[in-house]
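What the coordinates show
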Amino acid sequence: MEMTGKYKFRVHSNHKEAWRFTERFIFRRGVYFGQKNCVGQPKRIENAKILVANTAMDTDKVKIYGARVRVDSMAKVGEIEMAEKEKMREKVQKIINHGINCFVNRQLIYNFPEELFADAGVLSIEHADFDGIERLALVTGGEIASTFDNPESVKLGHCKLIEEIMIGEDKLIHFCGVAMGQACKIVVRGASTHMLDEAERSLHDALCVLSQTVNDSRVLLGGGWPEMVMAKAVDELARKTPGKRSHAIEAFSRALVAVPTTIADNAGLDSAELIAQLRAEHHKEGSNAGIDVISGSVGDMGKLRISEAFNVKNAVLLSATEAAEMILRVDEIITCAPRRREDRM
């Protein structure tokens, strides 16, 4: 996840697994990779210089369809293999000459170049997905390279620490202290995929509200406080309005009270009792009373620091009012007469 531009966020990817743990969320700055370190290579690197690449690191075989190499002895086969290894050795040396200590490749890294990287003390990560290396290059300040003849033209990425960590039963590579410091990772954990999907949706909604709040810093007290204040004002208007219009105004007031009622019901609380207490509290001057679902009672939303984004509350109120108006404007309901069934003998 990262915040970009005018406080807009982008969720690039997620790592969701069904784990049975008490912790629900892990929030850390940096980037995670689902790949593992290669054998015999360092597990922890400080002040890393990272080369992100998309290149073939297998033996340079003849990759032309239908091409064949014919030899008349096994010694010639050995010479071909040695020539392939020497060519790969030269390629690995060119990569190492960039002054790096971490090499991340989009494609596979075969055993021989892996051994060469291990001998040079370079951490190599293979088979990273393309979206993953794009994100890694972005947050570390580097660029994806495919040729290595000119080290001065390649832009390397940097981060303070690369380490292998365990989350549940999985090993992940954590890049922290990246150049683009606003990048972070949220790992969602739960007992089932259904719980994970629900947690992801809730988290996404919260991030959307957060981005709107950062863009427009106006906030309101939460816990049903705005609806009770508006319902009180609408009730007073209904008492002053003569005729049938007062019934419509009263219905609007009841609709506003439905929001704190739903908050109490969703928390498994006695909504009738809490709404009655809220009405009594809001008849006092300057009341900040709202529903505290943690304690199951009416509390001061200002002291509890429970707030909502003004833009979100405004959008909800306007969309609900427009939907009610559209329904009321429907004067007639057109129904089709049921189709007569023909007698089948």
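What comes next is a walk through the structure. What you are looking at is a predicted structure, and each value in this text was computed from that prediction instead of being measured.

Bringing the nonpolar core into the picture now. Residues Ile50, Cys102, Val104, Ile125, Cys159, Ile162 and Phe175 are the most contacted members of the largest nonpolar core, which totals 18 residues. Elements represented by at least two residues in this core include exactly strand E6 (44–53), strand E7 (102–105), strand E8 (123–125), helix H3 (130–140), strand E10 (157–167) and strand E11 (170–178). Counting 17 residues, the second largest nonpolar core, distinct from the first, contains Leu51, Ala53, Ile109 and Leu116.

A separate point is the environment of Ala258. Along the chain, Ala258 turns up in helix H6 (residues 245–266). On the basis of relative accessible area, Ala258 is assigned to the partly exposed category, the value being 35%. It is 9.3 Å that separates the C-alpha atoms of Ala258 and Gly224, two residues lying 34 residues apart in sequence.

Summed over the entire model, instances satisfying the criterion amount to one aromatic pair. Between Phe103 and Phe117, the aromatic rings sit 5.2 Å apart at their centres with planes inclined by 25°, giving stacked as the arrangement. Taken as a pair, Phe103 in strand E7 and Phe117 in helix H2 (residues 111–119) lie far apart in primary sequence, 14 residues in all. Each member of the pair, Phe103 as well as Phe117, carries the same accessibility label: buried.

Tallied over the full model, the rule gives nine salt bridges. By sharing partners, the salt bridges in this structure join Arg44, Glu46 and Glu163 into a single network.

Looking now at unusual backbone geometry. Phi angles above zero are rare outside glycine, and Asn47 is one such case at about 50°. Here Asn47 lies in strand E6. A positive phi is found at Arg305, a non-glycine position, where the angle reads about 60°. The residue Arg305 is located in the loop between helix H8 (301–304) and strand E16 (307–309) in this model.

Each value, and the rule that gives it
- Residues numbered from 1 in each chain as written.
- Predicted model: local features only at pLDDT ≥ 70, side-chain atom pairs only at ≥ 80, totals over all residues.
- Heavy atoms only, no water.
- Core = buried A, V, L, I, M, F, W, Y, C linked by side-chain atoms within 4.5 Å.
- Buried < 20%, exposed > 50% of the residue type's maximum accessible area, 1.4 Å probe, protein only.
- Helix = DSSP H or I, 4+ residues; strand = E, 2+ residues; numbered from the N terminus.
- Phe/Tyr/Trp six-rings, centres within 6.5 Å; stacked < 30°, edge-to-face > 60°.
- Salt bridge = Lys/Arg side-chain N within 4 Å of Asp/Glu carboxyl O.

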